[in-house]
Amino acid sequence: MSISCAWTRYAGRNINRSPLGTLYAAGTLQAAGHEVHFFDAMIADSVAEWSARVAEVRPDIAVLYDDNFNYLSKMCLSAMRLAALDMIAAAKSAGAKVAICSADAADHPDLYLDAGASAVIVGEGEATLAELTAAWRGGIDDLSALKGLAWRRAGETVRNPRREVIRDLDALPTPAWELVDMAAYRQIWHHHHGFFALNLVTSRGCPYACNWCAKPIWGQGYAVRGARPVAEELARLVHLAAPDYIWFMDDIMGLKPRWWGEFADAIEELGVKVPFKCLSRADLVLRDGAVDDLRRAGCDVVWLGAESGSQKILDAMDKDLSTGEIAAATARLKAAGIRVGHFLQFGYPGEGMAEIGQTLAMLRTTRPDEIGISVSYPLPGTVFHDRVRNQLREKRHWDVSSDMAMLYRGPYTTAFYRHLHTYVHRDFRLRRTLAHLRDVLAGRTAKGGHLRALAFVAYCGIAIPLSWARLHLLRLMPHPVTARRAAP
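Residues numbered from 1 in each chain as written. Predicted model: local features only at pLDDT ≥ 70, side-chain atom pairs only at ≥ 80, totals over all residues. Heavy atoms only, no water.

## Here we look at the pairing of strand S3 (residues 61–65)
And then number 1: Judged by how many residues are buried, S3 sits mostly within the fold: 5 of 5 residues are covered.
And then number 2: Here S3 shows no split at all, with Ile-61, Val-63 and Tyr-65 on one side and Ala-62 and Leu-64 on the other all buried.
And then number 3: Of the strand pairs in this sheet, S3 and strand S4 (residues 97–101) are connected by 5 bridges, and their pairing is parallel. The partner of Val-63 across the bridge, within S4, is Ala-99. (Buried < 20%, exposed > 50% of the residue type's maximum accessible area, 1.4 Å probe, protein only. Helix = DSSP H or I, 4+ residues; strand = E, 2+ residues; numbered from the N terminus. Pairing = 2+ DSSP bridges.)

Now the structure itself:
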């Protein structure tokens, strides 16, 4: 049986990332004996390339399979949804049955079934995909016995019981890395970044209860791979593609006690240390020996979900974390030579200028090396979404991941938060530049670029006060009056 497999995120800012979810799906299908044709939507220019490919291959089944490995992949971006719907239509026109696995499809299966999908995988996908393709290979169209599916029977949507999550991740077939055009990714990475990176995953899910985070795939479940198998996969990738850098895409890496230590031991034994970045929590970083294990394993950057410098806001989010832990974890990582990124979230209910000021103060005190800024995004199925449901606007989704639009009636308007994004980044860059100039004056670093740095400081001396004044004007803007109900 011929199967075409693709990732639905075909455009824009995520082009750096190889489609790991699709590679797991392709590996699963190969292990079941299917002929798999891999279409990498990440390096395609448009949906037209997918249309041409399915017209050429004429697959029996087309599979659109999303990553679902971290927070950004749980957002329904309008560009992504429209691309997926177009891809479904093209595959159906080529005579294929279409299966799709994504957070948005799990939340809104009727949208995708209406577009021509034959089945929507709801939850973790590999086992369901294997059973689904086996059923279709055997000519079975009644899918009622398969867990984890939404499908149509006599024009009515049927939602089968959810499937239990996979506990033994090491038993899964390995991702089909050999299908990836490594030369194309290397060229893209070197062009944009000057080095070549690939992405891996060590776990699935997150057991914490941050009330703005959706969990449509794994729920509150958490499963982790063995440290040694992860190191062995890294060794295979080093042999296959020689990446300069690795991004571990887990929602939360290192939750299992001693996992980082076991990983560092395996890395040292195999001799495959490659610099990497990962996402984790401040309290996990503060466990005894964690930072040293990260350093031994080759960690370059740890991104922490700081969210806010206000303890009031962290508590409202059910973050189960303190501002003191964020500061301590940041300091400990930096002391070990590991860079730190802070994810920040503005616009949560109850946040005013005082709380924003506390977040700015946290940045100025802890001095992370990188920051990522978003506004509170109501994801379906979350406590936060339920709380603001009556405030949702006509626009329910961002168009692209840099949209920054407020989708509910938050403390301030979209214009305020878009300008706050600019202000915080500018203030962050100024303080980093001042630190660089202090190092130059102290002789701790070479003078290269110091004239440009001085010009930037002079510019900020005028721009930042004006930007702060504009923020105070924007906070007085009334919220627009919009229609209440809209498409999902």
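Next comes the rest of the write-up.
## A short note on helix H11 (residues 290–297)
And then number 1: The buried fraction of H11 is high, at 6 of 8 residues.
And then number 2: Buried within H11 we find Ala-290, Val-291, Asp-293, Leu-294, Arg-296 and Ala-297.
And then number 3: Immediately beyond the C-terminal end of H11, within one or two residues, lies Gly-298, with a positive phi of roughly 105 degrees.

## Brief notes about the state of the cysteines
And then number 1: Taken as a whole and judged by the stated rule, the model has 0 disulfides.
And then number 2: Cys-206 provides the cysteine sulfur closest to Cys-213, a residue in no disulfide bond, and the two sulfurs are 6.4 Å apart.
And then number 3: Cys-278 takes part in no disulfide bond, and the closest cysteine sulfur, belonging to Cys-299, lies 4.4 Å away.
And then number 4: We classify Cys-278 as buried; its relative accessible area is 0%. (Disulfide = S-S within 2.5 Å.)

## Thoughts on the pattern of salt bridges
Opposite charge on two side chains lets them pair, provided their charged atoms get close.
And then number 1: Within the structure shown, the criterion is met by 26 salt bridges.
And then number 2: Among the salt bridges present, the one from Arg-152 reaches Asp-114, with a minimum N-O distance of 2.8 Å. Of the two residues, Arg-152 sits in strand S6 (residues 149–153) while Asp-114 sits in helix H5 (residues 109–114), which places them 38 residues apart along the sequence.
And then number 3: Relative accessible area serves as the criterion here: at 57%, Asp-114 is assigned to the exposed category.
And then number 4: Salt-bridge contacts for Lys-319 lead to Glu-307; the nearest nitrogen and oxygen are separated by 3.3 Å. One end of the pair, Lys-319, is in the loop between helix H12 (311–316) and helix H13 (323–335); the other, Glu-307, is in strand S13 (residues 299–307), with 12 residues separating them in the sequence.
And then number 5: With relative accessibility at 6%, the residue Lys-319 sits in the buried group. (Salt bridge = Lys/Arg side-chain N within 4 Å of Asp/Glu carboxyl O.)

## Side note on the packing of helix H8 (residues 227–241) against helix H9 (residues 259–270)
And then number 1: Contact geometry for H8 and H9: axes closest at 8 Å, N-to-C directions at 40 degrees. The angle between H8 and H9 places the two elements in the oblique class. Here H8 runs over H9; the crossing is right-handed. Within the contact between the two elements, H8 uses Ala-227, Arg-228, Val-230, Ala-231, Glu-232 and Leu-234 and H9 uses Trp-259, Glu-262, Phe-263, Ala-266, Ile-267, Glu-269 and Leu-270. (Axes fitted to C-alpha atoms, helices over the stretch in contact; angles between N-to-C directions. Parallel < 35°, antiparallel > 145°, perpendicular 65-115°, else oblique. Left-handed = near helix turned anticlockwise from the far one by under 90°. Contact = heavy atoms within 4.5 Å.)

## Overview of the side chain of Arg-81
And then number 1: Of note, Arg-81 is situated in helix H3 (residues 78–93).
And then number 2: A relative accessible area of 11% places Arg-81 in the buried class.
And then number 3: Within the structure, the side chain of Arg-81 is placed 2.9 Å from the side chain of Asp-104, a separation counted as a polar contact. (Polar contact = N/O pair within 3.5 Å; in protein donor to acceptor, adjacent residues only side chain to side chain.)

## With respect to the nonpolar core
And then number 1: Phe-263 and Phe-276 are the most contacted members of the largest nonpolar core, which totals 106 residues.
And then number 2: If one sorts the elements of this core by residue count, helix H16 (residues 414–441) sits on top with 7 residues.
And then number 3: If sequence neighbours within four positions are ignored, Phe-263 has contacts with Ala-227, Val-230, Ala-231, Phe-248, Phe-276 and Ala-297. (Core = buried A, V, L, I, M, F, W, Y, C linked by side-chain atoms within 4.5 Å.)

## Remarks on the packing of aromatic side chains
And then number 1: Within this structure, the stated rule accounts for 16 aromatic pairs.
And then number 2: Consider the rings of Phe-39 and Trp-50, whose centres lie 5.4 Å apart with planes at 70 degrees: the pair is edge-to-face. Of this pair, Phe-39 sits in strand S2 (residues 35–39) while Trp-50 sits in helix H2 (residues 47–57), placing them 11 residues apart in sequence.
And then number 3: Take Phe-39: its relative accessible area is 7%, and that puts it in the buried class.
And then number 4: Residue classification places Trp-50 among the buried positions, given a relative accessible area of 1%.
And then number 5: Ring geometry for Phe-384 versus Tyr-408: centroids 5.4 Å apart, planes at 90 degrees, classification edge-to-face. You can see Phe-384 sitting in helix H15 (residues 383–388) and its partner Tyr-408 sitting in the loop between H15 and H16, a full 24 residues away along the chain. (Phe/Tyr/Trp six-rings, centres within 6.5 Å; stacked < 30°, edge-to-face > 60°.)

## With respect to the packing of helix H1 (residues 20–31) against helix H6 (residues 126–137)
And then number 1: Between H1 and H6, the least distance of the axes is 10 Å, while the angle of their chain directions is 45 degrees. Considering the angle they form, H1 stands oblique to H6. Like other packed secondary-structure pairs, H1 and H6 cross with a definite hand, here right-handed. In this structure, H1 uses Tyr-24, Ala-25, Thr-28 and Leu-29 to contact H6, whose residues at the interface are Glu-126, Leu-129, Ala-130 and Thr-133.
And then number 2: Split by residue class, the contact of H1 with H6 holds 5 nonpolar, 2 polar and 1 charged. (Nonpolar A, V, L, I, M, F, W, Y, C, P; charged D, E, K, R; others polar.)

## Some words on the pairing of strand S8 (residues 197–200)
And then number 1: Of the two faces of S8, the one holding Ala-197 and Asn-199 and the one holding Leu-198 and Leu-200 are both buried throughout.
And then number 2: Of the strand pairs in this sheet, S8 and strand S11 (residues 245–248) are connected by 4 bridges, and their pairing is parallel. If you follow Ala-197 over to S11, its bridge partner there is Tyr-245.

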